[in-house]
Amino acid sequence: MAYDWITVTEDAGVTWITLNRPEVMNALNRGLRRELTIALRLGHRGRVIVLTGAGRAFCSGQDLTDATGLEDAGFEATLNDEYVPMIRAITEAPVPVIAAVNGVAAGAGANLALACDLVIAAESASFIQAFTRIGLIPDAGGTSFLPRRVGLQRAMGAALLAEPVPARQAADWGMIWEAVPDARFTEVVAARAAKLSSGPTLAYAALKQALRGSFDQPLEAQLALEARLQGACGASDDFREGVAAFLEKRPPRFTGA
Ligand code: T3D
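1. What to know about the overall build of the protein
Argument step 1. When helices and strands are counted, the protein shows 11 helices and 10 strands.
Argument step 2. For 257 residues, the compact-globule estimate of 2.2 N^0.38 gives 18 Å, and the protein sits close to it at 19 Å.
Argument step 3. Expressed along its principal axes, the backbone C-alpha trace of the protein runs to roughly 60 × 40 × 35 Å.
Argument step 4. Taken over 257 residues, the protein has a buried fraction of 47%.
Argument step 5. For the protein, long-range pairs separated by at least 24 residues make up 69% of all intrachain contacts whose partners lie at least 6 apart in sequence.
Argument step 6. When the accessible surface of the protein is totalled, it reaches about 12,700 Å², and 60% of it is carbon and sulfur.

See the structure below:
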């Protein structure tokens with residue numbers, strides 16, 4: 001498929017999706033949101049997806065010059081029709097999605113990153129819940145992802161004050177997985193992606209489902225879910241291969257079956 005606003009490449013089981021509007025810090029216009037949602041859905045054909053930005057930013061959130069959504073239907077419809085499918089394409093992806101945050105992530109761009117399963121940021125990057133600067137509240141899942149990751153007070157501070165949270169601080173808070181020196185950013189992202197692309201895909205899908213659902217149900221239900229998902233994993237070729245590899249003292253060769 002040909003894209004106008006993003007680039008998509010596939011290599012060794014890794015689908016790389018790059019937001020490609022560097023002149024506006026990869027702001028999300030309607031076309032980009034649509035393309036990104038499609039690419040995320042199609043990216044499942046690989047074994048891991050990496051989402052990153054072209055140029056010096058990851059994503060600056062809603063394109064503030066693009067009023068097409070407003071003219072048609074207003075924010076509520078735009079969020080429901082365009083942002084929600086985009087975020088769900090990440091959270092429901094059966095493969096791990098890595099946000100490789102190469103630079104500033106602001107507004108919905110910050111929450112696009114936080115929707116991902118693993119967030120790796122360059123040390124020079126920052127996360128800005130910029131919404132209140134323009135009279136809005138965090139959206140694109142931010143009011144869910146933020147307090148769950150960093151607690152209510154830090155979520156409140158980040159949203160109320162709308163100040164940049166540097167990558168290192170974000171990692172210290174548990175908002176993201178890690179902040180890495182800029183010089184090593186590409187190398188570290190590639191290494192993490194390669195590791196996940198050769199991992200047990202079925203187990204990854206199951207653990208995403210279990211962890212992401214864990215905030216919404218009591219322990220009893222979670223235990224039952226774990227048992228059901230583990231039943232499927234335990235019956236997989238990957239489990240047999242993992243045990244065989246352990247006993248034979250060799251690296252496993254997971255196929256995702
Ligand atoms: O349903 C709905 O539609 C509502 C949904 C809302 C979701 C949201 O995301 S609301 C929040 C929207 N985002 C923002 O408010 C962030 C706006 N951008 C910034 O605060 C800053 O640009 C950054 C902190 C991201 C980066 O600052 P800096 O100083 O490094 O760069 P800059 O000079 O501000 O930006 C560079 C260019 O990108 C500049 O254009 P120019 O002057 O070179 O022609 C700037 O206007 C453009 N740009 C940056 N962000 C956006 C943008 N253009 C359109 N939309 C943007 N969001």
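2. Considerations on helix H3 (residues 75-91)
Argument step 1. The sharpest bend along H3 reaches about 35° and sits at Tyr-83, with the proline Pro-85 one to four residues further on.
Argument step 2. Every buried residue belonging to H3 is among Thr-78, Glu-82, Tyr-83, Met-86, Ile-87, Ala-89 and Ile-90, and all of these are buried.

3. Re the site of the ligand
Argument step 1. Around the ligand, the surrounding shell holds 24 residues, and the nearest of these are Arg-56, Ser-60, Gln-62, Leu-64 and Ala-108.
Argument step 2. Within the backbone of Ala-108, one N or O atom sits 2.8 Å away from an oxygen atom of the ligand.
Argument step 3. Taking 1,100 Å² as the accessible area of the ligand by itself, protein coverage stands at 66%.
Argument step 4. The set of elements that each furnish at least two residues to the shell around the ligand consists of H3 and strand E6 (104-106).
Argument step 5. For the shell around the ligand, the element with the most residues is H3, which contributes three residues.
Argument step 6. Tallied by class, the residues present in the shell around the ligand amount to 14 nonpolar, five polar and five charged.

How each quantity is defined
- Residues numbered from 1 in each chain as written.
- Predicted model: local features only at pLDDT ≥ 70, side-chain atom pairs only at ≥ 80, totals over all residues.
- Heavy atoms only, no water.
- Helix = DSSP H or I, 4+ residues; strand = E, 2+ residues; numbered from the N terminus.
- Rg over C-alpha atoms; globule rule 2.2 N^0.38 Å.
- Buried < 20%, exposed > 50% of the residue type's maximum accessible area, 1.4 Å probe, protein only.
- Contact = heavy atoms within 4.5 Å.
- Areas by Shrake-Rupley, 256 points an atom, 1.4 Å probe, with all protein chains shown as cover.
- Bend = angle between axes of the 7 residues up to and from the residue.
- Near = heavy atom within 4 Å.
- Polar contact = N/O pair within 3.5 Å; in protein donor to acceptor, adjacent residues only side chain to side chain.
- Nonpolar A, V, L, I, M, F, W, Y, C, P; charged D, E, K, R; others polar.

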